[in-house]
Amino acid sequence: MESEKTLDIHSKPQDEYGPNYDVHILEVYKLYVEMADRIGARRQAANSFFLSINTAIFTLTGYIQLANNQRGKEFFLSISFAGIILCYQWFRLVRSYKGLISGKFKVIHEIEKCLPLRPYDMEWKVLGMGKRPDLYIPCTNVEIFCIINIWPYTCICYIFCSFGTV
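In this text the structure is predicted, and so the values were computed from the model without any measurement. (Residues numbered from 1 in each chain as written. Predicted model: local features only at pLDDT ≥ 70, side-chain atom pairs only at ≥ 80, totals over all residues. Heavy atoms only, no water.)

Enquirer: Teacher, can you tell me more about the nonpolar core here?
Expert: General note: in soluble globular proteins, nonpolar side chains tend to be found buried as a group. Core analysis: the biggest nonpolar cluster contains 12 residues, these being Tyr21, Ile25, Tyr29, Val33, Ala36, Ile39, Ala46, Tyr97, Ile101, Ile108, Ile111 and Leu115. Listed by contribution, the elements that provide at least two residues to this core are α3 (21-66) and α4 (73-112). Per element, the largest residue contribution to this core is seven residues, and it comes from α3. Excluding anything up to four places from it in sequence, Leu115 contacts Ile25, Leu26 and Tyr29. (Core = buried A, V, L, I, M, F, W, Y, C linked by side-chain atoms within 4.5 Å. Buried < 20%, exposed > 50% of the residue type's maximum accessible area, 1.4 Å probe, protein only. Helix = DSSP H or I, 4+ residues; strand = E, 2+ residues; numbered from the N terminus. Contact = heavy atoms within 4.5 Å.)

Enquirer: I would appreciate a short explanation of the pattern of salt bridges in the present structure.
Expert: Side chains that carry opposite charge are capable of pairing whenever their charged atoms lie near each other. Evaluated as defined, the whole model comprises five salt bridges. One salt bridge connects Lys30 with Glu27, and the closest N-O pair in it is separated by 3.1 Å. Of this pair, Lys30 and Glu27 both sit in helix α3, three residues apart, which is roughly one turn of the helix. The salt bridge partner of Lys125 is Asp121, with a shortest N-O separation of 3.2 Å. Residue Lys125 and its partner Asp121 are both found in helix α5 (residues 119-126); the two are separated by four residues, about one turn of the helix. (Salt bridge = Lys/Arg side-chain N within 4 Å of Asp/Glu carboxyl O.)

Written out as structure tokens, the structure is:
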């Protein structure tokens, strides 16, 4: 990728910056790695939230059906459409986090070029750069399967639209 080769993380050359150049690079690196870690934590919290909401919807819908509570077709269709929208939003959020964290790690790799060691760059190479599933499956590839939660909602919509009952 041509754009990756032209990235320049430096705002000033070392000789123009001053005596604290190395110290500041290290501090920025530590802060940036910490921010990447926080994004990972937020991403996990978002996944837990969406999984909990989906579980609650499935549980509540099942309970209502088993309790023989006579709800109309509109109730189940609305629950299904809400679930479909929820899963789509979850999917979009996973994709957004993927882009954000990918960008952060590109910057981390650039900062590491100024440091004596490149642990994240080496780790990425050791893991096959995400292209060898026998070594590493990127989290996003697993998270994308959250879209599977759409199928039960879609089935409910289909059943009601085709047959009129569950």
